[in-house]
Amino acid sequence: MRGRVAYLVEKGKFELREEEVRPLGDREILVKVEACGICTGDIYVFLGYPVWYRLPAALGHEPAGVVVEVGAKVTRFKPGDRVAVLGGPGYADYLIVEESFAEPVPPGVPIEHALGEPLACAVNGVRLAEPKFGDTVAVVGAGFMGLLLVQALSRMSLDKLAAVDVKDERLELAAEFGADALLNPERESPEKLAAEMNGGFDVVIEATGSPKGVEVATKLVRRKGRLCIFSFHPLPVPVDLAAWDSKGLEVVMTNPNRADDMRPNLRLAMRMLGRGVFKMDKLVTHKWSLSEIQSGFEYASKKPKDYIKGVVIP
């Protein structure tokens, strides 16, 4: 069996290559990829940021698809099962993964909504942020990941849940998903909102990937509160250590590297997706075929107003 794999061969340029699919190991499954999300981290690689990949690189770590073959000792899946996967390369016709890194897609969920890795990251981020019953929480950044965080946090009986973004249409979505306080820092003062919250929020989660987002998050968190850095920052970020020190902040990294094992987060994410905690229909805004991956990345990297999340569908 042969299949196509998309390789980023140089900055800003993908190339499709046809490759032989290797034989399965005993605990591995062969998945026909039906959808793979375009991650901001992959966009950073596409744009040439100095991140962790060496080119040429086969990208895509948000795949979901259908099992077509299983290894001799696989017990959890059979051909025809729909699965969300941790791993890649997902911009491909087929991928092979060890069975424990896959979870069933809930019945009735469109396969392009079952993006296991970002959903697992949202679960991981909320669990590491550790908001308590009755806490006040702010999510700075209402992009795809920030809106997933808002949806999860809205189920947690918080006293107040705020969303912060410079795009009003994203704030409108955040309100629809459960945020009961909204802030556009280009028009309103973060300090004013913090004052209205008796000095700030108990927990603030930064989900922008920008230095400005870290600055705004620092202004929103209360004295002795918890500042959570959720997003990946491709470049060094200057921070106001004097503000962190004067507030006595607890600063916590809530990204996947803090997880002991992302597989339990994937399992929980799929259960929550099946229960309707994560509403993906307004978040997955664009789709491209594998042969259109170049155009898809060029479009997504420009961050157009109508774009929230794109998927590649082989």
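Only a predicted model underlies this, so the values are computations on that prediction, with no experimental measurement involved. (Residues numbered from 1 in each chain as written. Predicted model: local features only at pLDDT ≥ 70, side-chain atom pairs only at ≥ 80, totals over all residues. Heavy atoms only, no water.)

This paragraph deals with the packing of helix H2 (residues 116-129) against helix H3 (residues 144-153). Geometrically, a packed helix pair is captured by the angle between its two axes and the distance between the axes. One can describe the packing of H2 onto H3 by two numbers: an axis separation of 9 Å at closest approach and a directional angle of 55°. By the angle between their axes, H2 is oblique relative to H3. Note that H2 runs across H3; the crossing there is right-handed. Here Pro118, Leu119, Cys121, Ala122 and Val126 of H2 come into contact with H3, specifically with Phe144, Met145, Leu148, Leu149, Ala152 and Leu153. Across the contact of H2 with H3, the residue classes break down as 11 nonpolar, no polar and no charged. (Axes fitted to C-alpha atoms, helices over the stretch in contact; angles between N-to-C directions. Helix = DSSP H or I, 4+ residues; strand = E, 2+ residues; numbered from the N terminus. Parallel < 35°, antiparallel > 145°, perpendicular 65-115°, else oblique. Left-handed = near helix turned anticlockwise from the far one by under 90°. Contact = heavy atoms within 4.5 Å. Nonpolar A, V, L, I, M, F, W, Y, C, P; charged D, E, K, R; others polar.)

Formed by 52 residues in total, the largest nonpolar core has its most connected members in Leu149, Leu153, Phe278, Met280 and Leu283. Among the secondary structure elements, those contributing two or more residues to this core are H2, strand S9 (136-140), H3, strand S10 (160-164), helix H4 (168-176), strand S12 (201-206) and helix H8 (263-274). (Core = buried A, V, L, I, M, F, W, Y, C linked by side-chain atoms within 4.5 Å. Buried < 20%, exposed > 50% of the residue type's maximum accessible area, 1.4 Å probe, protein only.)

Our next topic: the sheet that holds S10. The parallel open sheet is built from 6 strands, whose spatial order is S11-S10-S9-S12-S13-S14. On the outer flanks of this sheet lie strand S11 (181-183) and strand S14 (250-253), each paired with one strand and no other. Taking each pair of neighbouring strands and ignoring which way they run, the sheet shows an average axis angle of 20°. As paired elements, strand S13 (residues 221-229) and S14 share 4 bridges and run parallel to each other. If you follow arginine 226 over to S14, its bridge partner there is glutamate 250. (Pairing = 2+ DSSP bridges.)

Below, the discussion takes up unusual backbone geometry. For the peptide bond that leads from leucine 55 to proline 56, omega is 0°, which places it in the cis range. One can find proline 56 in the loop between helix H1 (40-47) and strand S4 (57-58). Residue proline 89 is reached from glycine 88 by a cis peptide bond, and omega for that bond is 5°. Within the fold, proline 89 resides in the loop between strand S6 (82-85) and strand S7 (94-98). One non-glycine residue, asparagine 198, lies in positive phi territory at about 60°.

Bringing a nonpolar patch on the surface into the picture now. On the surface, a nonpolar cluster with roughly 240 Å² of combined accessible area is contributed by Leu47, Tyr49 and Leu235. Note that leucine 47 resides in helix H1. (Patch = residues over 30% accessible without salt bridge, like charges linked within 9 Å, V, L, I, M, F, W, Y side chains within 5 Å. Areas by Shrake-Rupley, 256 points an atom, 1.4 Å probe, with all protein chains shown as cover. Salt bridge = Lys/Arg side-chain N within 4 Å of Asp/Glu carboxyl O.)

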